[in-house]
Every structure is written in structure tokens, then in C-alpha cells.
Amino acid sequence: MKPTLQRPYVPPMGASRPIVSPLMPSVAYASDDPDRLDDLYEGRDTGHSYAREGHPNADLLAARLDAMEGLTGGIVTGSGMAAVAAVLLGLCSAGDHVIGGNQLYGRSLRMMTEDLPRLGIGVDLVDPTDLAALEAALRPETKLVLIEVLSNPTLRVADLEGIAALCKARGVLLAVDNTFTTPALLRPADLGADIVIQSVTKLLAGHSDVTLGWVAARDPALNERMRVFAVTTGMTPSPFDCWLAERGLATFDLRFARAQDTAAALADWLVEQPGVQRVLYPTRPDHPDHNRALALLGGQGGNMLSFEIAGGRAAANGFARAADGIAFAPTLGDVGSTLSHPPSSSHRALSVEGRAALGISEGFFRLSVGLEDPDALKTCIAAGLVAAEAAS
Ligand SMILES: *Cc1c(COP(=O)(O)O)cnc(C)c1O
């Protein structure tokens with residue numbers, strides 16, 4: 001059989017059309033002739049050329065995420081960390097100074113403390129609930145402040161409005177990683193953030209089957225710099241991941257509301273359980289930033305809660321083993337609840353004293369609440385607490 005010329009299948013567009021976005025994995029895009037390529041590169045017409053530079057599924061997802069966060073011109077990246085890198089490495093240069101929240105996501109902290117200094121960028125970490133500390137850390141060469149509004153894992157609430165006003169007054173860019181809070185709790189761009197970051201991997205995609213990030217700035221020139229940096233360094237997302245995330249976004253509001261209701265109920269229930277020493281949930285009256293949480297998050301507390309049990313590592317092992325209906329896994333935002341133990345995972349690099357300073361003991365757990373029946377979760381956690389008591 002003689003080989004024939006390969007032509008792609010183009011679906012017929014007759015009297016009907018698909019109701020779901022097509023998945024378009026093409027790496028290259030053909031044009032009619034060099035003049036049409038000029039039209040593309042010079043912005044007289046739309047289209048794509050090579051998938052690392054951009055592709056339709058990423059564009060579709062970026063437009064949805066932009067709308068949710070109230071921004072335009074955002075870019076989708078292959079992971080949340082790629083989005084963090086697009087900000088820190090794509091916008092900062094040798095000689096600049098950057099301030100980070102002292103309880104940022106572990107890899108973000110690592111990029112700040114290991115990679116930025118290697119490139120000649122100065123870094124200070126401060127507690128973002130303490131505006132005076134942040135002000136004291138500002139220098140003439142401070143270029144950017146990066147914070148998360150709900151810290152991991154103690155769920156402290158940053159003084160976003162204070163920090164935004166301070167950054168504006170000093171001409172410093174404010175970047176907010178909105179992964180824990182999501183646009184359901186807070187739209188940082190509406191409150192003065194210049195740049196917003198998401199790990200789409202977590203609550204937005206929501207099914208623990210994609211790794212993606214998103215970042216957008218209010219200033220189109222910053223978006224363009226990050227886009228060029230992302231293309232040059234190959235931060236390109238997979239079309240299939242973008243397609244899955246678009247599907248996940250369709251149910252984000254419903255998933256978030258349900259998980260949040262369950263988390264609030266579980267927090268109140270956990271406080272009453274024997275062996276539970278402390279519960280951290282932003283809207284509870286015993287939370288250290290309760291008033292700020294109410295004002296900033298509109299009375300909502302999100303789907304994350306943390307708690308501390310008595311009895312040290314032996315009790316923690318017993319709890320995780322017995323509460324086996326909840327995946328003991330280092331992620332968050334999945335349809336299923338996931339349990340993490342910061343002393344042995346995200347915060348293992350810290351000394352015991354370093355963890356103690358943050359209020360993280362061996363009995364500290366973080367729960368990302370999913371969509372299960374709340375009573376089933378209580379039964380599972382209760383079994384964990386009984387086992388923890390027996391083990392300690
Ligand atoms: C997970 C996470 C990231 C990194 O996202 P990846 O998609 O895993 O690369 C960044 N920030 C926060 C707050 C996260 O939870």
C-alpha cells in the first residue's frame with residue numbers, strides 16, 4: 001500500500017456542534033503561506049504556531065481562570081510552582097530584594113531561600129499577619145512581596161489589606177498565591193494585589209488528576225514578561241491537563257461550598273472530641289485571626305482545617321493508620337478528603353524548635369475536607385482518635 005499524504009481529521013460543522021470543548025493536542029499549527037504567518041506573529045489575526053508558545057486548551061482555561069479572579073491576560077503553566085517561578089524568576093533580577101511570607105508553601109519557600117540568593121536576589125521572610133514586621137523589612141530595592149492569605153498549616157490570616165496599602169504606597173509589587181483561599185473566599189486583585197497565582201492542581205481542578213498553575217498580573221506588561229519567560233523556560237501545560245481542569249472548574253463552586261460546610265461542622269465537632277488538644281479553623285471564635293478572617297473572607301472559613309492530638313508520634317501513627325478512610329497524602333483540594341502530617345512532610349526540614357515556634361507538634365494534622373458524607377468522616381476520625389489514645 002502506498003503511503004498517502006496525512007491530513008488531520010477536522011470534524012464536520014454542519015447543523016450541529018459539540019457541547020464540550022474539543023481536546024487539541026496538536027504540537028504544531030499549519031498556516032497557508034508566509035504572509036499568513038506574518039498576520040499571526042504581528043497580531044492581525046489569531047491562531048497558534050507551536051504548542052510550547054500556546055495552544056487552544058490553555059487559552060480556554062486561562063480565560064476561565066482570568067474571569068474567576070477578575071483579571072485578564074493570565075497564563076496557564078505546567079504546575080503551580082511554574083507559576084510561582086514565572087513571578088519570582090521572570091520578574092526579579094540580580095540586585096532586587098523580595099519579601100516572602102514565612103509560612104509560604106514549602107517549595108515556594110525553597111525557591112526564595114535557595115534559588116533567589118544564588119541569582120543575586122535578596123530575600124527576607126516575615127510573618128504576614130504582622131504589618132509592622134513587613135514594613136520594617138522593606139528596603140529601597142524591594143521589588144516584590146509574595147504572600148498567601150491562609151498559611152499552611154496553621155491557617156493564620158494575613159493582613160492582606162494592610163499589606164496591599166503598604167505595597168502601593170512604596171511602589172512594591174504584591175503577589176498573592178490564592179491557592180488555599182480560591183476566588184470563592186477572596187479575589188486578591190479586587191483588594192489591591194498586583195499579581196495573583198493559583199496552583200490549579202488543587203481545589204480549582206479538584207480531582208487530583210492534573211498538575212497545573214495559573215498566574216496573572218493587572219499590568220499587561222508584566223503578563224507579557226511572564227508569558228515570554230514561561231515560553232522560553234518551557235512551562236507549557238499539557239492540553240489534556242487543561243481540558244480536564246476546564247471540566248473540573250464547571251463544578252468548582254458547588255464542590256467548594258459543600259466541602260466548606262463540612263469543614264466548618266467538623267471543626268466544631270472536633271473541639272468536643274477526647275484527645276483533641278486544639279482545632280484551627282479561621283471562622284471559629286478561638287482562632288487567633290478570627291476577626292480578620294470574618295472581615296476578609298466574608299464569614300467563610302474554607303475547606304482546610306488543622307488539629308492537634310495528644311500523644312506524640314506514636315499517637316499520630318495510630319491515628320493515620322486507623323482513619324484509613326481518609327487518604328494520608330500530601331495534597332489538598334481533592335473531591336476526597338486528604339490528611340497530611342506536616343512534621344513528617346511539608347515541615348520535616350525544620351528543627352523541632354522551628355516547628356514548635358510555628359505551633360506544629362508531632363500530633364499536628366491538616367485535613368483537606370472533600371465531598372464525603374460528614375457523618376462518615378466523623379466515624380473515620382473518631383476511629384483514628386480511639387487508636388491514637390491506645391497508641392500513646
Ligand atoms: C500546591 C501548592 C503550590 C504548588 O503547586 P503545584 O501545582 O503542586 O506545583 C503552590 N502554592 C500553594 C499554596 C500550594 O498549595
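Residues numbered from 1 in each chain as written. Predicted model: local features only at pLDDT ≥ 70, side-chain atom pairs only at ≥ 80, totals over all residues. Heavy atoms only, no water.

### Quick look at the overall build of the chain
Counted only if it meets this: Numbering goes from the N terminus for both helices and strands, where a helix is a DSSP run of H or I of at least four residues and a strand is a run of E of at least two. In this treatment the radius of gyration is a C-alpha quantity, and the globule benchmark scales as 2.2 Å times the residue count to the 0.38 power. Each residue is placed in one exposure class: buried if its accessible area under a 1.4 Å probe, protein chains only, is under 20% of its type's maximum, exposed if it is over 50%, and partly exposed if it falls in between. Every residue pair with non-hydrogen atoms within 4.5 Å of one another is taken to be in contact.
In terms of regular secondary structure, the chain is built from 14 helices and 12 strands. A compact globule built from 392 residues should have a C-alpha radius of gyration of about 21 Å, and the chain, at 23 Å, falls within 12% of that. Split into buried and exposed, the 392 residues of the chain put 49% on the buried side. Counting only contacts in the chain whose residues sit at least 6 apart along the sequence, the fraction spanning at least 24 positions is 72%.

### Quick word on the environment of Val 176
Structurally, Val 176 can be placed in strand β5 (residues 173-177). In this structure Val 176 touches Ile 147, Val 149, Leu 160, Pro 188, Ala 193, Ile 195, Val 196 and Ile 197, once residues within four positions along its chain are discounted.

### Here's the deal with the site of the ligand
To be explicit about the condition: Neighbouring residues are identified by heavy atoms, a residue being near a molecule or strand if any of them is within 4 Å of it. Any N or O atom pair separated by 3.5 Å or less is treated as a polar contact, with the protein-specific requirement of one donor-capable and one acceptor-capable atom, and with residues adjacent in sequence counted only for side-chain atom pairs. Only the protein chains shown count as cover for residues, and all accessible areas are computed by the Shrake-Rupley method using a 1.4 Å probe. Residues were grouped as follows: Ala, Val, Leu, Ile, Met, Phe, Trp, Tyr, Cys and Pro as nonpolar; Asp, Glu, Lys and Arg as charged; and all remaining residues, including Gly, as polar.
Contacts to the ligand come from 13 residues, most closely from Gly 80, Met 81, Asp 177, Thr 201 and Lys 202. One of the side-chain N or O atoms of Asp 177 is found 2.6 Å from a nitrogen atom in the ligand. Notes on the ligand: free accessible area 380 Å², of which the protein chains cover 93%. Of the residues assigned to the shell around the ligand, the class counts are five nonpolar, five polar and three charged.

### A short note on the pattern of salt bridges
What counts is decided by this rule: What makes a salt bridge here is a side-chain nitrogen of Lys or Arg within 4 Å of a carboxyl oxygen of Asp or Glu, nothing more.
Per the stated rule, a full pass over the model turns up 17 salt bridges. Asp 115 serves as the salt-bridge partner of Arg 118, at 2.8 Å between the closest nitrogen and oxygen. Highlighted residues: Arg 118 and Asp 115, both in helix α4 (residues 106-118), separated by three residues, approximately one helical turn. Since its relative accessible area comes to 58%, Arg 118 is described here as exposed. Between Arg 170 and Glu 135 there is a salt bridge whose closest N-O contact spans 3.1 Å. In this pair, Arg 170 is assigned in helix α6 (residues 160-170) and Glu 135 in helix α5 (residues 131-137), connecting sequence segments 35 residues apart. Residue classification places Glu 135 among the partly exposed residues on the basis of a relative accessible area of 38%. A single network of salt bridges, built from pairs that share partners, joins Arg 36, Asp 39, Glu 42, Arg 44 and Asp 45.

### Some words on the sheet that holds strand β8 (residues 276-280)
The following threshold applies: Should DSSP find at least two bridges between two strands, the strands are regarded as paired. Geometry is summarised by axes, namely lines fitted to C-alpha atoms with helices restricted to the contacting stretch, and by angles between N-to-C directions that run from 0 to 180 degrees.
Strand order in the open sheet formed by five strands is β8-β9-β12-β11-β10, and the pairing between neighbours is mixed. Pairing within the sheet leaves two strands with one partner each, and these edge strands are β8 and β10 (327-328). Sheet analysis places β8 next to strand β9 (residues 304-309), joined by four bridges and oriented antiparallel. Along β9, the bridge assignment pairs Val 279 with Phe 307. Across the sheet, helix α10 (residues 252-271) lies against β8, β9 and β12 (364-368), angled at about 15° from β9, the strand it touches most.

### Some details on the domain arrangement of the chain
A common way to state how big an interface is: give the accessible area lost once the parts meet. For clarity, the threshold we go by: Marked domain ranges trace back to an automatic or database domain assignment. Accessible area that two parts lose when put together, evaluated with a 1.4 Å probe and summed over both, is termed the buried area.
According to the domain assignment, the chain consists of domain 1 (34-249) and domain 2 (252-391). A C-alpha centroid distance of 27 Å is found between domain 1 and domain 2. Counting residues at the interface gives 31 residues for domain 1 and 32 residues for domain 2. Taking both sides of the interface into account, the surface hidden between domain 1 and domain 2 amounts to around 2,700 Å²; carbon and sulfur atoms contribute 64%. Where domain 1 packs against domain 2, one counts one salt bridge. Between Arg 156 and Asp 289 there is a salt bridge, with the nearest N and O atoms lying 2.6 Å from each other.

### Brief notes about helix α1 (residues 34-41)
Sitting at the head of α1, Asp 33 places a side-chain oxygen 3.1 Å from the backbone nitrogen of Asp 35. One or two residues past the end of α1 sits Gly 43, with phi positive at roughly 75°.

### Focus on the sheet that holds strand β4 (residues 142-148)
Picture the strands of a sheet paired through backbone hydrogen bonds; they go either parallel or antiparallel. The sheet built from seven strands is open, its strands ordered β1-β7-β6-β5-β4-β2-β3 with mixed pairing. In this open sheet, the two strands that pair with only one neighbour each are β1 (75-77) and β3 (122-126). Going from strand to strand, the sheet's axes swing by 20° on average, the running direction of each strand aside. The sheet contact formed by β1 and strand β7 (residues 213-217) spans three bridges and is antiparallel. Paired with Thr 77 across the strands is Gly 213, a residue of β7. Together, β1, β2 (97-101), β4, β5, β6 (195-199) and β7 form the strand contacts of helix α3 (residues 80-91), whose direction differs from that of β6 by roughly 150°.

### Re the environment of Gly 171
Inspection of the secondary structure assignment puts Gly 171 in the loop between α6 and β5. Classification of Gly 171 by relative accessible area gives exposed; the value is 64%. In this structure, the C-alpha to C-alpha distance between Gly 171 and Pro 140, residues 31 residues apart in sequence, is 9.8 Å.

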